[in-house]
Amino acid sequence: MSGESEPARRVGLLILALIGLLWAQPAAGQGAAALASSCAGGGPAAVQTTCADAALAALALQHGYGLVMAAGGPVPASPSTAGNRLQGSPRWIVDAGLGWSSFRRPDLTDGQRRVRRTVAAAPRLSVVAGVFEGFAPAPTVGGMGAVDLVGEVRILPVPVMDGVSGRVASFGAGVRVGVLRESFTFPGVTLTFMHRRAGALDYRGEAEPRAEARIQPRVSSLRAVVGKDLWEIGVSGGVQWDRMRGDARARARVGGQDFASGAVSLPASRSTYFLGLNRTWVVTQLTGELGWTPASGSGEGLQGTGPYSDPTSGLTGALSVRITY
């Protein structure tokens, strides 16, 4: 009995450590203020204002594209781990779809210092392998401590936003841990931890004074989902915590002179609450998910210095089709 409880205890400690890692997060406004200060370097007011605009644009894109990178998780609206197809043989899941997010950001492409709302999406392909079936302490209770390995790739942004230079790939890897596998009696409950990295995205203004921002986001996510089939439709819901990091750069061109920052980290934390539906046909499943991300209040370090001061609330979502083998 103690031999079976030891793996479960270790999984529980790992989950608590991951939650602590995601919650122990400094304020992102400090990073944005440091980025603006590094860019301006004590220059005149026009330089400070333009550098603040560039820094706030970097902060907005860090939040917005960070949410796009993690929207829907690797397998949206999926409350149970994959498990094994046969004894010792992993069950495979291939999931293709689209994650998206809406967010506000400064428009650097003209001299109006306006704020716009953007909807950005990322096509996604995920592969899941069920490597451990988990424990079944009772006939209708199974999948406790089950483990899936996950790999993912996304292409963002789609469409390319005005001023953004091209597209980049986001690569992710992680693990899904089963709390309960769905049965006639109980819902499925699963925790997913993912880490994703993307290439650099440049956002350039076209008018004078010109402002530019560059981000290279990294996102670590912890996702908890619970769900159960109700007749022919599976219903699920949960919460996802995203911890965003990555170096950012800001640049201003004022009066024919260039002012540029060094690389400054922009840490941020966002929470998303979501609901999902899925419909199954034998081994094929069609899924949809819609989430809401509250405002973070992480731009306070630059309050009033630019057209954008706070990563506000927004919607996220995902659509996908997957095959289980």
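Before reading on, note that the structure itself is shown above.
Going along each chain's sequence as written, the residues are numbered from 1 onward. Per-residue local features are limited, in this predicted model, to residues with pLDDT of at least 70; the limit for side-chain atom pairs, both in listing and counting, is 80 or more; totals at the level of whole chains, interfaces and linings are taken over all residues. Working from all heavy atoms in the structure, the side-chain values ignore hydrogens and water.

Now for the pattern of salt bridges. Each reported salt bridge corresponds to a side-chain nitrogen of Lys or Arg within 4 Å of a carboxyl oxygen of Asp or Glu. Within the structure shown, the criterion is met by 15 salt bridges. A salt bridge links D107 to R105, with the nearest nitrogen and oxygen atoms 3.8 Å apart. Considered together, D107 and R105 belong to a single accessibility category, that of buried residues. With its nearest N and O atoms 3.0 Å apart, the salt bridge here joins E133 to R181. You can see E133 sitting in the loop between β4 (114–132) and β5 (147–156) and its partner R181 sitting in the loop between β6 (168–180) and β7 (188–198), a full 48 residues away along the chain. Classification of residues uses two cut-offs on accessible area relative to the type maximum, computed with a 1.4 Å probe and protein chains only: under 20% is buried, over 50% is exposed, and between them is partly exposed. Among the residues examined, E133 registers a relative accessible area of 32% and is labelled partly exposed. What you see here is one network of salt bridges that share partners, running through D95, R124 and R322. The way it works is that DSSP assigns letters per residue, a run of H or I at least four long becomes a helix, a run of E at least two long becomes a strand, and they are numbered from the N terminus.

On strand β12 (residues 247–254), burial follows the alternation: A248, A250, A252 and V254 on one face are buried, whereas D247, R249, R251 and R253 on the facing-out side are not. Pairing between strands requires that DSSP locate at least two bridges from one strand to the other. With six bridges connecting them, strand β9 (residues 210–215) and β12 associate as antiparallel partners. In the strand pairing of β12, R214 is matched with R249. In terms of strand pairing, β12 meets strand β14 (residues 264–265) through two bridges, oriented antiparallel. Looking at the pairing, D247 lines up with S265 of β14. Note that β12 and strand β13 (residues 257–260) share four bridges and pair antiparallel. Bridged to A252 within β13 is F259.

Pairing of aromatic side chains requires ring centres within 6.5 Å, counting the rings of Phe and Tyr and the six-membered ring of Trp. Pairs whose planes differ by under 30 degrees are stacked, by over 60 edge-to-face, and all others tilted. Overall, the coordinates contain two aromatic pairs when judged by the stated rule. Both rings, one in Y65 and one in F103, keep their centres 5.6 Å apart while their planes meet at 70 degrees; by these two values the pair is edge-to-face. Of this pair, Y65 sits in helix α3 (residues 45–70) while F103 sits in strand β3 (residues 92–107); the two residues are 38 residues apart in sequence, bridging distant segments of the chain. Taken individually, Y65 and F103 each receive the classification buried, so the pair is uniform in this respect. A centroid spacing of 5.6 Å and a plane angle of 75 degrees characterise the contact between F132 and F135, whose relative ring orientation is edge-to-face.

Right, let's talk about the pairing of strand β16 (residues 284–293) for a bit. As defined by bridge partners, strand β15 (residues 268–281) adjoins β16 across nine bridges and the pair is classed as antiparallel. Within β16, the residue paired with W281 across the bridge is T284. Following β15, the chain reverses through two residues before pairing antiparallel with β16; V282 in that reversal takes a positive phi of roughly 60 degrees.

What follows covers unusual backbone geometry. Cis geometry marks the peptide bond from L156 to P157; its omega dihedral reads -10 degrees. Topologically, P157 is positioned in the loop between β5 and β6. Following V158, the chain continues into P159 via a peptide bond in cis, with omega recorded as -5 degrees. One non-glycine residue with positive phi stands out, namely A77, at about 50 degrees. Examined against the element boundaries, A77 turns out to sit in the loop between α3 and β1 (84–86). With relative accessibility at 1%, the residue A77 sits in the buried group. In this structure, V282 is a non-glycine residue whose phi angle is positive, near 60 degrees. Mapped onto the elements of the fold, V282 is located in the loop between β15 and β16.

What follows concerns the sheet that holds strand β10 (residues 218–230). In a beta sheet, neighbouring strands pair by backbone hydrogen bonds and run either parallel or antiparallel. Read around the barrel, 10 strands follow the order β3-β4-β5-β6-β7-β10-β11-β15-β16-β17 and close on themselves; strand pairing throughout is antiparallel. Taken pair by pair, the neighbouring strands of this sheet meet at an average axis angle of 20 degrees, ignoring direction. Pairing of β3 with β4, which is carried by 16 bridges, proceeds in the antiparallel orientation. Each bridged residue has a counterpart across the sheet, and for P106 the counterpart in β4 is V115. The strands touched by α3 are β3, β4, β5, β6, β7, β10, β11 (233–245), β15, β16 and β17 (314–324); relative to β3, the strand with the most contacts, the crossing angle is about 160 degrees. Axes here refer to lines fitted to C-alpha atoms; in helices the fit is confined to the stretch in contact. Angles between the N-to-C directions go from 0 to 180 degrees. In what follows, a contact means two residues having at least one pair of non-hydrogen atoms within 4.5 Å.

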